[in-house]
Amino acid sequence: MIVKEVLSEELLTLAEVRELLTKIADERREQGLEIGYSFRKALRHAEQFSKISGEKSRELVNKLLELEKMKPAIAIRIADILPQSRDEIRSIYAKEKYTLSNEELDLILDYVLEAIE
């Protein structure tokens, strides 16, 4: 498959990817089409590592993006990993040029725990 140009680009959480791949796989099965090896591996990975629904993960990303020191890529990473401690969040921010205060870390943890419930 040769791609001539990218029409649009959007960052997705792993849970959203799982839902999209599941939908595509169901459509292919209904049409009697074969599902390729790499597609099956991608779907299996998404099913294995996504912990919440696509809707909850998007809500979490939207809440995180309201924070001052939050970039879209980091919000997506947090929604995929669902860190459970301050140290896990700090490791996500390790490459950034700024650090988060304990209050900011706690707020992120609150959002993550809210999404998990």
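Residues numbered from 1 in each chain as written. Predicted model: local features only at pLDDT ≥ 70, side-chain atom pairs only at ≥ 80, totals over all residues. Heavy atoms only, no water.

### A short note on helix α4 (residues 72-81)
If you check which residues of α4 are buried, you get I74, A75, I76, I78 and A79. Those residues of α4 that are buried are in contact with α3 (54-65), α5 (86-92) and α6 (102-116). A positive backbone phi angle near 50° is found at L82, which sits one or two residues after α4. (Buried < 20%, exposed > 50% of the residue type's maximum accessible area, 1.4 Å probe, protein only. Helix = DSSP H or I, 4+ residues; strand = E, 2+ residues; numbered from the N terminus. Contact = heavy atoms within 4.5 Å.)

### Thoughts on the environment of K69
Checked against the element boundaries, K69 lands in the loop between α3 and α4. For K69, a relative accessible area of 27% corresponds to the partly exposed category. Sequence separation between K69 and R29 is 40 residues, and the spatial gap between their C-alpha atoms is 43 Å.

### Comments concerning the domain arrangement of the protein
Annotation of the protein at the domain level lists domain 1 (14-49) and domain 2 (54-116). For domain 1 and domain 2, the distance between their C-alpha centres works out to 27 Å. With 6 residues of domain 1 in contact, the opposing surface of domain 2 contributes 5 residues. Carbon and sulfur atoms supply 33% of the area that domain 1 and domain 2 bury against each other, a total of about 400 Å² over both sides. Sorting the residues of domain 1 by area buried against domain 2 places L14, A15 and E16 first, and these three jointly supply 80% of that buried surface. At the junction of domain 1 with domain 2, the criterion picks out 3 residue pairs in polar contact (both at pLDDT 80 or more). Here the element with the most residues in the side of domain 1 that touches domain 2 is helix α1 (residues 14-31); it accounts for 5 residues. Of the residues in the side of domain 1 that touches domain 2, the class split is 3 nonpolar, no polar and 3 charged. (Domains from an automatic or database assignment. Buried area = accessible area lost by both parts, 1.4 Å probe. Polar contact = N/O pair within 3.5 Å; in protein donor to acceptor, adjacent residues only side chain to side chain. Nonpolar A, V, L, I, M, F, W, Y, C, P; charged D, E, K, R; others polar.)

### Points about unusual backbone geometry
Positive phi outside glycine occurs at L82, with the angle close to 50°. By secondary structure assignment, the location of L82 is in the loop between α4 and α5.

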